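Tertiary structure, described
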Amino acid sequence: MEKIAMTTVDGLPILAHPDGTRPPIHSDPTVDALRTAILGTETSLHHRVRAVIAGLGDRPSTGMTYATEASLAPDLLRTAIAALGGSAVAIANDPRLRGIVCEWAAVYAPHLLPVLTGHLDLSIATITALGNGSAYQRELLAELDIGESVGVLLLTELGGTNGADQQTTATWDSPRNGFWLDSPDPASWKFMPNIADTTTPKIGVITARVIVDGRDEGVLPLLSRVRTQHGVEAGLSVLVLPDKGWTPMDHALIRFDKLFVPGDGLLGGTWAVIGADGFESTVPVPARFHRAIATLGQGRLDLAGAAAAGARAGLAVTVNYALQRRPGGRTLMADRGTVRRDLVSALAATYATSVLGRRVQDMAATAPTGDQVVGVWSMLVKPLLAYTAHEVLLTCRQRSGAQGTLRTNWIQDWIGSPAGSDMSQETRLS
Ligand SMILES: Cc1cc2nc3c(=O)[nH]c(=O)nc-3n(C[C@H](O)[C@H](O)[C@H](O)COP(=O)(O)OP(=O)(O)OC[C@H]3O[C@@H](n4cnc5c(N)ncnc54)[C@H](O)[C@@H]3O)c2cc1C
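Throughout this description, residue numbers start from 1 for each chain and increase along the sequence as written. Given that this is a predicted model, residues contribute local features only at a pLDDT of at least 70 and side-chain atom pairs are listed and counted only at 80 or more, while totals for whole chains, interfaces and linings are drawn from all residues. The side-chain numbers reported here are obtained from all heavy atoms of the structure, hydrogens and water having been left aside.

We now examine the overall build of the protein. Looking only at helices and strands, the protein features 14 helices and eleven strands. For 430 residues, the compact-globule formula gives about 22 Å, and the C-alpha radius of gyration of the protein, at 22 Å, lands near that figure. Taking all 430 residues of the protein together, the buried fraction comes to 53%. In what follows, a contact means two residues having at least one pair of non-hydrogen atoms within 4.5 Å. Considering only intrachain contacts with a sequence separation of at least 6, the fraction spanning at least 24 residues in the protein is 74%. The numbering of helices and of strands both runs from the N terminus, where a helix is a DSSP run of H or I of at least 4 residues and a strand a run of E of at least 2. Using C-alpha atoms as the atom set, the radius of gyration is obtained and then compared with a globule rule of 2.2 Å times the number of residues to the power 0.38. Any residue under 20% of the maximum accessible area for its type is buried, any over 50% is exposed, and the rest in between are partly exposed; the area is computed with a 1.4 Å probe on protein chains only.

Here is the structure:
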């Protein structure tokens, strides 16, 4: 009787020794060199993070509703933060650790990954880079730090978003010392940030066109609660969007109708601030949005790394299956020319893109925040790695036949990560 073990995921030896080290699985120098090229030299950090993320026990589910699956993310996020030292801010500020967390979440935690970059990169890292350290911002950051609230970026608008063309307005109210956020028309409604889940507090980094005394001061991010345990904030209307075909998330369509954000919610670094005379900026209006979103580059890199990690996992599972599966009891799948051609091509593409992603992550780890060269590389590697991973995983699913379509064999869920990255919010911001 043929023995079929489709997935290698459950069988991997995942636990490190108490000191964080583990003997290498292979001592072959070529294998060791390839592993270093792909994973870098932080072997013990990889083992520690892998043990934590695998220890969450998350897995592709079967028989759950879409909304129930989407609601698993916040608890997974809180548990992961606690197990990784207790501070999401510390994880977000450590590019190496953050990237490794995203990679292992892509492999082992299909319900955690969808909220990770929104929380770590797009919310916390933006506050760290552009915040003013005010009591208001510290309070919200403290909630994000332990995952009490989940961080989200509200940027894309229904009418289509390219660069700084967002139409949501943030009108400065000097006597109230704050901004009123409004959606002037349906085209300006924020389109599919994940804030529909009624049970989870959410904090948003919202991009809006700042209007001061009728003047357009450019598009800048503002920090605000968007949802608490008591519901959405006054001045926000949230419509739950339909289920999408992969990676359940609580996507929403969002309309602002006088959401009040205190002046301290402005995320303008030292160059766009609320001073004694109100709003002040040292940067020309057309350059403000791009200056503000320079921090998003690290999110691109993390998504790229996650996509490549998913492709590696998919290949491991498919090759493992191909070495056992003998369709009709005849030729081993792995001995068939067309199967070998597809898997070897996918393997080569995955190695090449994984190494490229690693090299850019190495550059980012030592470069100053917002470094332009790293920013350009991030814009290049994100689509390249996401598209490549998507194609590789589609090949894995096709080559695995019916088994590849079952969620219990993971490939289908791994496809969700690069599929989302292909389209997600950072694609056309330049
Ligand atoms: C899983 C997922 C999660 C998301 N999460 C968030 C979130 O947290 N926050 C948020 O703000 N938004 C989020 N979004 C929205 C996301 O940012 C947009 O879907 C994305 O920017 C594309 O916008 P669009 O869907 O309006 O496509 P459109 O703008 O209508 O684009 C349609 C097509 O035209 C192409 N196109 C458009 N402009 C250009 C251009 N300048 N150059 C080349 N091609 C172009 C696009 O690539 C695409 O193929 C999410 C989307 C997805 C799918």
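Moving on, we get to helix H1 (residues 29–39). Here a polar contact is recorded for every N or O atom pair within 3.5 Å, except that within protein the pair must consist of a potential hydrogen donor and a potential acceptor, and residues adjacent in sequence are included only if both atoms are side-chain atoms. For H1, the capping residue at the N-terminal end is Asp-28, with a side-chain oxygen 2.7 Å from the backbone nitrogen of Thr-30. Once H1 ends, the next one or two residues include Gly-40, with phi positive near 85°.

A word on the pairing of strand E9 (residues 252–262). In this analysis, strands are considered paired if DSSP registers two or more bridges between them. Sheet topology places strand E3 (residues 178–182) next to E9; five bridges connect them, and they run antiparallel. Bridge pairing in E9 links Phe-179 to Val-261. The sheet contact formed by strand E8 (residues 236–240) and E9 spans five bridges and is antiparallel. Within the sheet, the bridge partner assigned to Val-240 lies in E9 and is Ala-252.

All right, on to unusual backbone geometry then. Glycine aside, negative phi is the norm for most residues, and most peptide bonds take the trans geometry. The residue Asp-213 is not glycine, and still its phi comes out positive at about 50°. On the secondary structure map, Asp-213 appears in the loop between strand E5 (202–212) and strand E6 (215–228). At Trp-410, a residue that is not glycine, the phi angle is positive and equals roughly 75°. Inspection of the secondary structure assignment puts Trp-410 in the loop between helix H13 (401–405) and helix H14 (411–423).

Right, let's get into the side chain of Ser-123. Along the chain, the position of Ser-123 falls in helix H7 (residues 113–130). On the basis of relative accessibility, which here comes to 1%, the residue Ser-123 falls in the buried class. At a separation of 2.9 Å, a polar atom in the side chain of Ser-123 contacts the main-chain amide nitrogen of Val-152. Those residues within four positions of Ser-123 in sequence are excluded, and the remaining contacts are Gly-118, Leu-144, Gly-151, Val-152, Leu-153, Ile-203 and Val-205.

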